[in-house]
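# Structural features, examined
These are the residues of each chain, in order.
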Amino acid sequence: MVTELTYHANIFPGTRQELVDQLAKQLRPKRFHHVLRVEQTALELAAQNNVDAERASIAGLVHDYAKQRSDDDFIAAIKAYRLDPELLDYGNAIWHGVVGAELIKRELHIYDEDILNAVRHHTTGDVYMTPLEQVVYMADYIEPARDFPGVDEARRITAKDLGAGVAFQAQHTLLYLVENGLPVYPKSLATFNAWVPRYQR
Ligand SMILES: [Fe+2]
Ligand SMILES: [Fe+2]
């Protein structure tokens, strides 16, 4: 059963359905259905962790808003909005979060910093993450269609302790990047250092 929230807080200037329609225009069907599942998982995690449901819905829906924009769009935005020039050394995997948040602000008129930070940090995590940021980071990782070795363990750990889920993901993402010879964005390493040793026992 899909939960459909009514938005009250005027965080997004429109209804949930209007926001969903904007996403449908930006994303191919596969990605669009992923964001709907992330929204639902974010709502479940929000309910378990005393996080505002409306923010969880909006952040879950918009976290991949910019995923299908061209590299040229991102490069232009990094320059126009004077973001960290080091971002130019990375690619879509990093840009769709960090730069995507700027596009969300300007195109969807969502200015809630907790939501924008949840988008910015959904791929890399961060040293400090609010409960909403943790909810979106984990919902993206464990939504029902995710299927990778360890996903059931990730779901179990997250259901028990949201922060332990964050540590699990931070460790496994870094392992994956290193094992596959992929670039490690410095923030991913900072996230590892901030979260993983704390949860070792
Ligand atoms: Fe993403
Ligand atoms: Fe995603």
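Described below are features of the structure shown in this document. Being a predicted model, the structure only gives us computed values, none of them experimental. (Residues numbered from 1 in each chain as written. Chains lettered and ligands numbered in written order. Predicted model: local features only at pLDDT ≥ 70, side-chain atom pairs only at ≥ 80, totals over all residues. Heavy atoms only, no water.)

### Side note on the coordination of the iron ion (ligand 1)
Condition: In this analysis a donor is any N, O or S atom within 2.8 Å of a metal ion (3.2 Å for sodium, potassium and calcium), and since water is not included, sites may seem incomplete. Starting at the N terminus, helices and strands are each numbered in turn, a helix being any DSSP run of H or I of at least four residues and a strand any DSSP run of E of at least two. Residue burial is assigned from relative accessible area. The probe radius is 1.4 Å, only protein chains are included, and a residue is buried under 20% of its type maximum, exposed over 50%, and partly exposed in between.
For the iron ion (ligand 1), every protein donor is listed as Asp64 (OD), His96 (NE2) and His122 (NE2), and the spread of their distances is 2.1 Å. Here the iron ion (ligand 1) and the iron ion (ligand 2) are spaced 3.5 Å apart, and both take aspartate 64 as a donor. Separated by 26 residues along the polypeptide, histidine 96 in helix α5 (residues 92–108) and histidine 122 in the loop between α6 (113–120) and α7 (131–142) bring together distant segments of the chain. Residue classification places histidine 96 among the buried positions, given a relative accessible area of 4%.

### Here's the deal with the pattern of salt bridges
This is how the line gets drawn: We define a salt bridge as a side-chain nitrogen of Lys or Arg found within 4 Å of a carboxyl oxygen belonging to Asp or Glu.
In total, this model carries 14 salt bridges according to the counting rule given. Across the salt bridge formed by arginine 69 and glutamate 107, the nearest N and O atoms sit 2.8 Å from each other. With arginine 69 in the loop between α3 (53–62) and α4 (71–80) and glutamate 107 in helix α5, this pair connects stretches of sequence that are 38 residues apart. With a closest N to O distance of 3.1 Å, arginine 146 and aspartate 140 form a salt bridge. Each of Glu102, Lys105, Arg106, Glu113 and Arg120 takes part in salt bridges that share partners, so that together they form one network.

### Remarks on a nonpolar patch on the surface
This is how the line gets drawn: Patches in this entry comprise residues that are over 30% relatively accessible and not in a salt bridge; like charges within 9 Å are linked, as are nonpolar side chains (Val, Leu, Ile, Met, Phe, Trp, Tyr) within 5 Å. Here the Shrake-Rupley method, with its probe set to 1.4 Å, supplies the accessible areas, and only the displayed protein chains count as covering residues.
A contiguous nonpolar patch, built from Val178, Val184 and Leu189 and spanning about 230 Å² of accessible area, is present on the exposed surface. Looking at the secondary structure, you find valine 184 in the loop between α9 (162–179) and α10 (186–195).

### Quick word on the nonpolar core
Nonpolar side chains in soluble globular proteins tend to be buried together. As a reminder of what qualifies: In plain words, nonpolar cores are sets of buried Ala, Val, Leu, Ile, Met, Phe, Trp, Tyr and Cys residues tied together by side-chain atoms within 4.5 Å. Any two residues whose heavy atoms approach within 4.5 Å at even a single point are treated as in contact.
The biggest cluster of nonpolar side chains holds 60 residues, and the ones touching the most others in it are Leu19, Leu23, Ile58, Val62, Leu87 and Ile110. Taken together, the elements giving at least two residues each to this core come down to α1 (16–26), α2 (29–48), α3, α4, α5, α6, α7 and α9. Residues contacting isoleucine 58, with those up to four places away along its chain left out, are Tyr7, Ile11, Phe12, Leu19, Ile110 and Ile115.

### With respect to the coordination of the iron ion (ligand 2)
The textbook angles at a metal center are 109.5 degrees for a tetrahedron of four donors and 90 or 180 degrees for an octahedron of six. For clarity, the threshold we go by: Irregular is the label for any site that misses the other tests, which are tetrahedral for four donors with all angles between 85 and 135 degrees, and square planar for four donors or octahedral for six when opposite donors exceed 155 degrees and the remaining angles lie between 65 and 115.
The protein atoms donating to the iron ion (ligand 2) are His34 (NE2), His63 (NE2), Asp64 (OD) and Asp140 (OD), with metal-donor distances spanning 2.2 to 2.3 Å. Because the angles between the four donor atoms bound to the iron ion (ligand 2) fall within 81 to 174 degrees, the donor set is best described as irregular. Its relative accessible area of 0% is what places histidine 63 among the buried residues.

### Examining the packing of α9 against α10
For clarity, the threshold we go by: Lines fitted to C-alpha atoms define the axes here, with helix axes fitted over just the stretch in contact, and angles between the N-to-C directions of these axes take values from 0 to 180 degrees. What sets the label is the angle itself: under 35 degrees gives roughly parallel, over 145 gives roughly antiparallel, 65 to 115 gives roughly perpendicular, and the rest give oblique. By definition, turning the near helix anticlockwise from the far helix through less than a right angle yields a left-handed crossing, and turning it clockwise yields a right-handed one.
One can describe the packing of α9 onto α10 by two numbers: an axis separation of 9 Å at closest approach and a directional angle of 135 degrees. With respect to each other, α9 and α10 are oriented oblique. Along this stretch, α9 crosses α10, giving a crossing that reads as left-handed. Listed contacts from α10 to Gly163, Val166, Ala167, Ala170, Gln171 and Leu174 of α9 are Leu189, Thr191, Phe192 and Trp195.

Function-wise, these values are silent; they only describe arrangement.
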